[in-house]
Amino acid sequence: MILSALIWISLAVGLTFNALGVIGILRFPDVYTRLHADTKATTFGSIFTSLAVVLYAAGEFFKDPEGQYETLALHTVLAVVVLAFTNATSAHAIARAAHKRGHKPAQAVCDRLEETAK
Amino acid sequence: MTPFLLLQALVLLGLVVTAVLIISFKDLLAAAIAFAAFSLLLSLEFYLLQAPDVAIAEAGIGAGLTTAIFIIAIRGTQRHEEKN
Amino acid sequence: MKMTKIVRTTADLFFPFCLVFGLYVVVHGHLTPGGGFQGGAVMATGTALLLVARSYDDVTGRIRKGAMKACEAAGLLIFLCAGFSGLFAGRPFMANWLAPDSALFRTAVAHGPNAGDLNTAGLLPLLNFGVGIEVLGGLTVILLYMLSGIKEEKKP
Amino acid sequence: MTRWIFTALVLVALMLLAMVRLFKGPTAADRVVALDAINTLVVASMIVLAVVFRQFIFVDVAIIYALLAFVGTLYIAKYLGGEL
Amino acid sequence: MLSFIVTALFSGAVYLLLTAGSGPVLRLWSAQELLVAVVVAVAVGFVARQYFASARRRAAANPLRWLQAVAYVVGPFFLEMAKANLDVAYRVITGRIRPGIVRVKTGMQTDMGTLLMANSITLTPGTLTVNVDEESNDLYVHMINVPAGMESRETVEVRELFALFDCPRWVRRIAE
Amino acid sequence: MTSRLLLALPYFTVVVLIVLGLAVMLSKRNVVKILMGLSLMESAVNLFLVATGYRHDSVAPIFTNVPAGPMALPTVQALTLTSIVIGVATSAMMLSFAMVIYKKYGTTDIQKIKKLKG
Amino acid sequence: MRHVLFSAILLLFFGGLMYLAADLPFGDPPRTDMDDYFLRNAQAQTGANNVVTSIVFDFRGFDTLGEATVLFTAVLGVGMMFRKLKEGEEYEND
């Protein structure tokens, strides 16, 4: 019962943050701020939806240890770790490429990188 | 209309949208990006159609390697389509 | 040209991961989704990751075209040898003569997502391995050649 | 079971929303951001769908996905930065 | 030799993690899987040893560091990430942003430390690593909301980016 | 009747994709774009093959103990697998052709190439 | 004028294909004899749990052999295009 409630909460939180991330991608003014929304919010949301899956696997595992639910849980955790790592790195790569291409951060109060590049 | 069919309809709609984007972009790099998204969604569709082997192959080759090859080819030729 | 330190270190971390995952997919080709093509593609993407994170010259010192071509040829050769071994066993070409009942290779039992019985299915694991090696070599050689084509153009 | 398929539905719908940025994005970098978001959402929905189908080996597809779409993104970023 | 062993151990561990739940040994693995794991570990260790564990990254051999890494990810890092996401959610809804790029001094010595620090910064509080100085390992960080007064300073200490915990100290303990 | 039309959605998508790919191949003049159209059509054919083999409420053709039910047809999936690998090999080769053509003629417009070398 | 003609032909093609597609049964393939045979016998005859792999490598192994050959040939073709030109050698008919 508690587990079911926890799964519901995880799913709701995950969906909320995924939705916020996508809305952020649509709303923010330039590449860097969009990357903020994309990387943080969608990764966090995906972690929570996957957490729901792991919780589900744990619950079923206690009911029926023969059902190979540990495979589900372990592979899900692995997928999430890979996802978080790759997302962070690709966000860095995109931001650097955008800056090298000369996209200025919109509404910026300071830009130290450009000052040193000159 | 079961939820499963609705899910499939949404994915197929996404496929059509990305395909239209591929043909409408004049910028080849943007077209390549849309092609990567198309491959991603196609893989999801294979997954929904209970073909995990094909989904893995499409994910690996479509999303990773084909994008890389297209990007290299665009780098080796030119980025924008010529105007007439 | 090299990408930044962060990308390079991530590539170094994920290269063995890609190889292990590709081998996992190849080895379990007859039990779980996957097989020679998919595993080979995953491994080839591992080398593509190294290629993108480092400069072309830096990588070609370690991933040599010759070795990759050898991989490819060896894969095709394994495939052909496995095919011809059917002839020696008195069966037609490409017959899976080790399956279904022999001392070492037996019929698989389904008891879960990963049955863990790797010594099943006769020749299939060998064929999987051959195709995996071939796809790894082939796709990597294609990428290396295309990158070298870019590089030649940049010089003048 | 309904909650899982509902989650997958919402995730796919969000994918379609992210495609708006893929369409609009004034620069190629914006489009790559949208591609990245779609990639993450696809991985999440694949993990959820594995529970819907009760086929737990399908999670492998999601891992391969997360691993390989990254390579495509890196190639695009490298080209965008003018380093390829 | 040490790099080979480190890579082989890592590969074998990943393979065993992937195949857990396949047989009777320890209720987790079958005998064939263990055998194949050894073969895979040796093969991958031989191929990837130059990359995974170059001379600079010997520190990764210490299993205590791996445990610390897990503790770091589950504990402080996750809380920081939750806080960062609430912050981003607030900015998404209100649209109140004050972006800028600042130079952050990390004081990390190794590549691994820089990578972990950069990824922590990217995933946590309203910050995004844009570039890295190859010599001094300083990071250029795009902040979604630059605190008042920070934009005029030449460099910023990395400690100031994290609100709740001393993440740099954790990273230093894990990767250096 | 309507429900049957709704069920055939994958086939309709295949038709749309094939027509779009054909339109690109016939109307565009950039070689890389034409190859994209070709890949699009190829993907459409793959989707068609897999959709042909789907059965309602079926499971993947892999024997595990988890669900029981009718299985999706495996032969078409095997064919699609072969098709995908051949597709990437041929498109890599054609893109190399495009690069060599650009190196030699300095353009990727097929009509200009025709004019340059009658 | 040409555009209109082109669009008309394409539209006609689209309509025809749509008409054909509407008749295809989705989710209920009419002839499944061969696949049912594979599904029944794959595990007993080849010992593989994954039926797709058993088809790719066993029942239809020749297809895979041909596919491997095509991949090999494609790699050879790419290599031939990007081979290094020798000293003083030029592309032909230049």
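Residues numbered from 1 in each chain as written. Chains lettered and ligands numbered in written order. Predicted model: local features only at pLDDT ≥ 70, side-chain atom pairs only at ≥ 80, totals over all residues. Heavy atoms only, no water.

Focus on the overall build of chain G
Across its full length, chain G carries 4 helices and 0 strands. For chain G, the α and β elements follow one another from N to C terminus as α-α-α-α. Counting the 94 residues in chain G, one finds 40% classified as buried. Approximately 5,800 Å² of chain G is accessible, and the part contributed by carbon and sulfur atoms is 63%. (Helix = DSSP H or I, 4+ residues; strand = E, 2+ residues; numbered from the N terminus. Buried < 20%, exposed > 50% of the residue type's maximum accessible area, 1.4 Å probe, protein only. Areas by Shrake-Rupley, 256 points an atom, 1.4 Å probe, with all protein chains shown as cover.)

With respect to the confidence of the model for chain G
For chain G, per-residue confidence averages 79 on the pLDDT scale, and residues scoring 70 or more make up 88% of the total. Mean pLDDT across the elements of chain G bottoms out in helix 2 (residues 33-46) of chain G (78) and peaks in helix 1 (residues 2-23) of chain G (86). (pLDDT = per-residue confidence, 0-100.)

Brief notes about the interface of chain E and chain A
Contacts between the two partners involve 46 residues from chain E, matched on the other side by 46 residues from chain A. In this assembly, chain E and chain A are joined by 0 salt bridges. For the pair chain E and chain A, the number of links is 1 residue pair in polar contact (both at pLDDT 80 or more). Mapped onto the side of chain E that touches chain A, the elements with two or more residues apiece are helix 1 (2-18), helix 3 (63-94), strand 1 (100-105), helix 4 (111-123), strand 2 (127-132) and strand 3 (139-143) of chain E. For the side of chain E that touches chain A, the element with the most residues is helix 3 of chain E, which contributes 12 residues. In terms of residue class, the side of chain E that touches chain A is built from 25 nonpolar, 14 polar and 7 charged. (Contact = heavy atoms within 4.5 Å. Salt bridge = Lys/Arg side-chain N within 4 Å of Asp/Glu carboxyl O. Polar contact = N/O pair within 3.5 Å; in protein donor to acceptor, adjacent residues only side chain to side chain. Nonpolar A, V, L, I, M, F, W, Y, C, P; charged D, E, K, R; others polar.)

A closer look at the packing of helix 2 (residues 28-48) of chain B against helix 1 (residues 2-24) of chain D
When two helices pack together, their arrangement is given by the angle between the helix axes and the distance between those axes. Axis separation between helix 2 of chain B and helix 1 of chain D bottoms out at 12 Å; the angle between their running directions is 170°. Viewed along their axes, helix 2 of chain B and helix 1 of chain D adopt a mutual orientation that is roughly antiparallel. Counted together, I33(B), A34(B), A37(B), L41(B) and L44(B) of helix 2 of chain B and V12(D), M15(D), M19(D) and L22(D) of helix 1 of chain D form the full contact between these two elements. Of the residues assigned to the contact of helix 2 of chain B with helix 1 of chain D, the class counts are 9 nonpolar, no polar and no charged. (Axes fitted to C-alpha atoms, helices over the stretch in contact; angles between N-to-C directions. Parallel < 35°, antiparallel > 145°, perpendicular 65-115°, else oblique.)

Concerning helix 4 (residues 61-81) of chain G
Here helix 4 of chain G is 21 residues long and its end C-alpha atoms lie 31 Å apart, about the 30 Å a rise of 1.5 Å per residue gives. Those residues of helix 4 of chain G that fall on the buried side of the exposure criterion are G61(G), T64(G), L65(G), E67(G), A68(G), L71(G), A74(G), V75(G), G77(G), V78(G), G79(G) and M81(G). (Expected span 1.5 Å × (residues − 1).)

Observations regarding the packing of aromatic side chains
A full pass over the atoms with the stated rule returns 17 aromatic pairs over all chains. Note on F48(A) and F78(E): the rings are 6.1 Å apart at their centroids and 45° apart in plane angle, and the pair reads as tilted. Taken as a pair, F48(A) in helix 2 (residues 31-63) and F78(E) in helix 3 lie in two separate chains rather than in one. The buried category is assigned to F48(A), whose relative accessible area is 16%. Among the aromatic residues, those joined into a ring-pair cluster are F85(A), F14(C), F17(C), F21(C), Y24(C), F70(D) and Y15(E). Between R31(D) and the ring centre of F25(B), over which it is positioned, the NZ or CZ distance is 4.3 Å. (Phe/Tyr/Trp six-rings, centres within 6.5 Å; stacked < 30°, edge-to-face > 60°. Lys NZ or Arg CZ within 6 Å of the ring centre and 35° of its normal.)

Comments concerning the pairing of strand 1 of chain E
Residues and elements named next belong to chain E. Burial within strand 1 is extensive, with 5 of its 6 residues counted as buried. Sheet analysis places strand 1 next to strand 4 (residues 155-157), joined by 3 bridges and oriented parallel. Opposite R103, over in strand 4, you have T155 as the bridge partner. (Pairing = 2+ DSSP bridges.)

Side note on the pattern of salt bridges
Scanning all chains against the criterion turns up 5 salt bridges over all chains. Of the charged contacts, one joins D30(D) and R34(A) as a salt bridge, the two residues approaching to 2.3 Å between their closest N and O atoms. Of the two residues, D30(D) is situated in helix 2 (residues 28-53) and R34(A) in helix 2; the pairing between them involves two chains. For D30(D), a relative accessible area of 2% corresponds to the buried category. The exposure class of R34(A) is buried, given its relative accessible area of 5%.

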